[in-house]
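# What the coordinates show
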Amino acid sequence: MTRRTVVLFLAALLPLLAGAGQAQATGYRYWSFWERDGGAWTYATQGPSLARPSDGDVQGFRFSVSEDSADAAKPRGTADFAAICAQTPPRDGEKRVALVIDFGTPADAPGGETPPAGRTACARVSPDATTADALAAVAKPLRYDTSALLCAIAGYPEKGCGEQVSGENAPAPGEGNTPNPSGSSGSSDSPASSGSSGSSDGGPSLGLVAGIAVVVLLGAAATWQVRRRG
């Protein structure tokens, strides 16, 4: 085996190992929190327990599997304040917040559960109410974990909260999402960095590390053969 052959072999093998590491990417199953900015959804910069929407605002929640906010699926369905709150007239001393709640797709659902149909609701709450208050007014029961991560809306899902989903089982980013979360906890973080039970250290997968080790060993062996024959 010549030195040139060794170089070509390693160059061809490394991309394959990198691809194997990417295939093991981990997603998280959770409720992400969104704000309607004009005609588009924007991932919220703070959690619903901190956000204080104004009268006439539209907020959204989407249950899905995603790695982080960059590939999180947006809420689907009607997102127009006038339509959602048409049957909820204004009242002195209160504000109205339009909510879009998207329970996701069957592919996103935990095993044995079926996502309910998406819904919209107009919450009429006090002027200083948070988005969490508005959600509680129209979509009980809510469930939170000890880190204030929003685990369930209207009782869905029945169990689980921000758990990891392996790359083999996770749906493609945005799967089931129509074009138009932190996010879903008391901060702007997704479960990967919020300290929930489904968190990950974000380090390289064991398979990738092992693959790199194999490449190093093969390269060393091939180099030794070249020197031995020389």
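The helix and strand tally for the protein chain stands at five helices and eight strands. In the protein chain, the succession of helices and strands from N to C terminus is α-β-β-β-α-β-β-α-β-β-β-α-α. For the protein chain, buried positions account for 38% of its 230 residues.

Our focus in this paragraph is the pattern of salt bridges. Pairs can form between side chains of opposite charge whenever their charged atoms are close. A complete count under the given rule lists seven salt bridges for this structure. With a shortest N-O distance of 2.7 Å, R76 and D102 are connected by a salt bridge. Taken together, the positions of R76 in the loop between β3 (58-66) and α2 (81-84) and D102 in strand β4 (residues 95-102) put the pair 26 residues apart, joining distant regions of the chain. We classify R76 as partly exposed; its relative accessible area is 26%.

This part takes up helix α3 (residues 131-138). Among the residues of α3, those classed as buried are T131, A132, A134 and L135. Within α3, the buried residues cover an arc of 160° as seen down the axis, which keeps them to one side. Lining the buried residues of α3 we find β1 (27-37), β3, β4, β5 (119-125), β6 (143-144) and β7 (150-152).

A few words on the nonpolar core. With 20 residues, the main nonpolar core has W31, F61, L99, I101, L135 and I153 as its most contacted residues. Going through the elements one at a time, β1, β3, β4, β5 and α3 are the ones with two or more residues in this core. Residue contributions to this core peak at three residues, all from β4. What I153 contacts, discounting residues up to four positions off in sequence, is W31, F61, I101, F103, L135, A139, P141 and L142. With 14 residues, the next largest nonpolar core counts Y28, Y30, W34 and C122 among its residues.

The next point concerns the state of the cysteines. Following the criterion strictly, the structure yields two disulfides and no others. The disulfide partner of C85 is C122, and the S-S distance across this bridge is 2.0 Å. With the S-S bond torsion at 100°, the cross-link from C85 to C122 turns out right-handed. Separated by 37 residues along the polypeptide, C85 in the loop between α2 and β4 and C122 in strand β5 bring together distant segments of the chain. Relative accessible area serves as the criterion here: at 3%, C85 is assigned to the buried category. Here C151 engages in a disulfide with C161; their sulfurs sit 2.0 Å apart. Taking the sign of the S-S torsion, about -75° here, the bridge from C151 to C161 comes out left-handed. Placement of C151 in strand β7 and of C161 in the loop between β7 and β8 (164-165) is noted, with a sequence separation of 10 residues between them. With cysteine numbering restricted to those in disulfides and following the sequence, the protein chain has the pairing 1-2, 3-4.

A full pass over the atoms with the stated rule returns six aromatic pairs. Taking 5.0 Å as the distance between ring centres and 80° as the angle between the ring planes, the aromatic pair formed by W34 and Y43 counts as edge-to-face. Across the pair, Y43 and W34 agree in class, each one buried. Aromatic side chains F63 and Y156 sit 5.3 Å apart centroid to centroid with 75° between the ring planes, which places their arrangement in the edge-to-face category. Of this pair, F63 sits in strand β3 while Y156 is found in the loop between β7 and β8, placing the two residues 93 residues apart along the sequence. When its relative accessible area of 2% is taken as the criterion, F63 is described as buried. By the ring-pair criterion, three or more aromatic residues cluster together here, those being W31, F63, F103 and Y156.

The rules we used
Residues numbered from 1 in each chain as written. Predicted model: local features only at pLDDT ≥ 70, side-chain atom pairs only at ≥ 80, totals over all residues. Heavy atoms only, no water. Helix = DSSP H or I, 4+ residues; strand = E, 2+ residues; numbered from the N terminus. Buried < 20%, exposed > 50% of the residue type's maximum accessible area, 1.4 Å probe, protein only. Salt bridge = Lys/Arg side-chain N within 4 Å of Asp/Glu carboxyl O. Arc of directions from axis to C-beta. Contact = heavy atoms within 4.5 Å. Core = buried A, V, L, I, M, F, W, Y, C linked by side-chain atoms within 4.5 Å. Disulfide = S-S within 2.5 Å. Phe/Tyr/Trp six-rings, centres within 6.5 Å; stacked < 30°, edge-to-face > 60°.

Such coordinate-based values are descriptive only and should not be taken to indicate function.
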